[in-house]
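Per-entry structural report
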Amino acid sequence: ARAIITQDSLMIYDKLHKQQVIASLSELGNFSPITPTISVIQSILLGRPFLTEQETINQETFDCFNIAIGDEHWLMTPLQQPQELTYAFDMKGTQCSMLQCTQKLANRHFSCLYNHYDTSLCCIVPTQLTFSLKGESNSYAVEIDYTSCSFNTTTTITPVTSGGYTTTTIIDFLKSLTK
């Protein structure tokens, strides 16, 4: 599969199942406990801590986190969190091993496990990600293995209109992956 993320949309082309998803980032917010912006999505995919209200984390914003140090891991929790959301980053050394988010009122939980950090790609990135989304009655899990990635490139994006591809919603796409 191939995924392309722009400032306002997400496109997924699944060659194996011959389906495509074209969704606005605001559509993702309908079932995601985090308001999806390009900055937040990039941080999630790259295994980097983030603040939902800021574009980047730097030395000045590092004090916006509560840090709890354990034996091998340490936990970074933003001090200021959206009213309905709690989220934290489980760190091992300088690498994020897990992101956990809970949307309180909607009773939804999102997590992402990060494995196999690779320095040979465009930057140090986890090459294996496992996303889980659990709601009151549904659960979804998706695994991603990166073989390549690129950033800030110009790409012409056009929906596939031939070859038997069907256009589906993001929810139906996730359901098809869990069968």
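A few points on the structure. What you are looking at is a predicted structure, and each value in this text was computed from that prediction instead of being measured.

Calculation notes
- For every chain, the first residue of the written sequence is number 1, and numbering continues from 1 along that sequence.
- With pLDDT at 70 or above as the cut-off, local features in this predicted model cover only qualifying residues; side-chain atom pairs require 80 or more to be listed or tallied, and sums for whole chains, interfaces and linings still use all residues.
- The basis for every side-chain value is the complete set of non-hydrogen atoms in the structure, without hydrogens or water.
- Whether two strands pair depends on DSSP finding at least two bridges between them.
- What counts as a helix is a DSSP run of H or I of at least four residues, what counts as a strand is a run of E of at least two, and both are numbered from the N terminus.
- Each axis is a line fitted through C-alpha atoms, and for a helix only the stretch in contact is used; angles between axes span 0 to 180 degrees, taken between their N-to-C directions.
- Each reported salt bridge corresponds to a side-chain nitrogen of Lys or Arg within 4 Å of a carboxyl oxygen of Asp or Glu.
- Exposure classes here rest on a 1.4 Å probe applied to the protein chains alone. A residue is buried below 20% of its type maximum, exposed above 50%, and partly exposed in between.

Turning to the sheet that holds strand β6 (residues 85–92), a few remarks are in order. For sheets, the rule is that strands pair by backbone hydrogen bonds, running either parallel or antiparallel. Ordered in space as β4-β5-β6-β7-β8-β9-β10, the seven strands form an open sheet in which the pairing is antiparallel. Looking at which strands have only one partner, the edges of the open sheet turn out to be β4 (65–69) and β10 (139–145). Averaged over all pairs of adjacent strands, the angle between strand axes in this sheet comes to 15°, irrespective of strand direction. The sheet contact formed by strand β5 (residues 74–78) and β6 spans three bridges and is antiparallel. Residue pairing in the sheet places Met76 in a bridge with Phe89 of β6.

Read from one edge to the other, the open sheet built from four strands follows the order β1-β2-β3-β11, with strand pairing classed as mixed. Edge positions in the sheet fall to β1 (2–5) and β11 (166–168), since each of these pairs with one other strand and no more. Recorded for the sheet is a direction-independent mean angle of 20° between the axes of neighbouring strands.

Scanning the entire structure with this criterion turns up one salt bridge. Lys92 serves as the salt-bridge partner of Glu72, at 3.7 Å between the closest nitrogen and oxygen. Remark: Lys92 occurs in strand β6 and Glu72 occurs in the loop between β4 and β5; sequence separation between them is 20 residues.

The backbone of Lys18 shows a phi angle near 50°, a positive value even though the residue is not glycine. Tracing the chain through its elements places Lys18 in the loop between β2 (9–14) and β3 (19–24). Even without a glycine there, the phi angle at His116 is positive, about 55°. In this fold, His116 is placed in strand β8 (residues 108–118).

Attention now moves to the pairing of β2. Within a regular strand, the side chains alternate between the two sheet faces. Along β2, six of the six residues are buried, which leaves the element largely enclosed by surrounding structure. Residue alternation in β2 divides its side chains into two sets, Ser9, Met11 and Tyr13 and Leu10, Ile12 and Asp14, and both sets are buried. Sheet topology places β1 next to β2; four bridges connect them, and they run antiparallel. Across the sheet, residue Ile4 finds its bridge partner in β2, namely Met11. Taking the residues between adjacent antiparallel strands as the criterion, β1 and β2 are bridged by three residues. Sheet analysis places β2 next to β3, joined by six bridges and oriented antiparallel. What sits directly across from Met11, in β3, is Ile22. Connecting β2 to the antiparallel partner β3 that follows it, the hairpin turn spans four residues, and Lys18 within it adopts a positive phi of roughly 50°.

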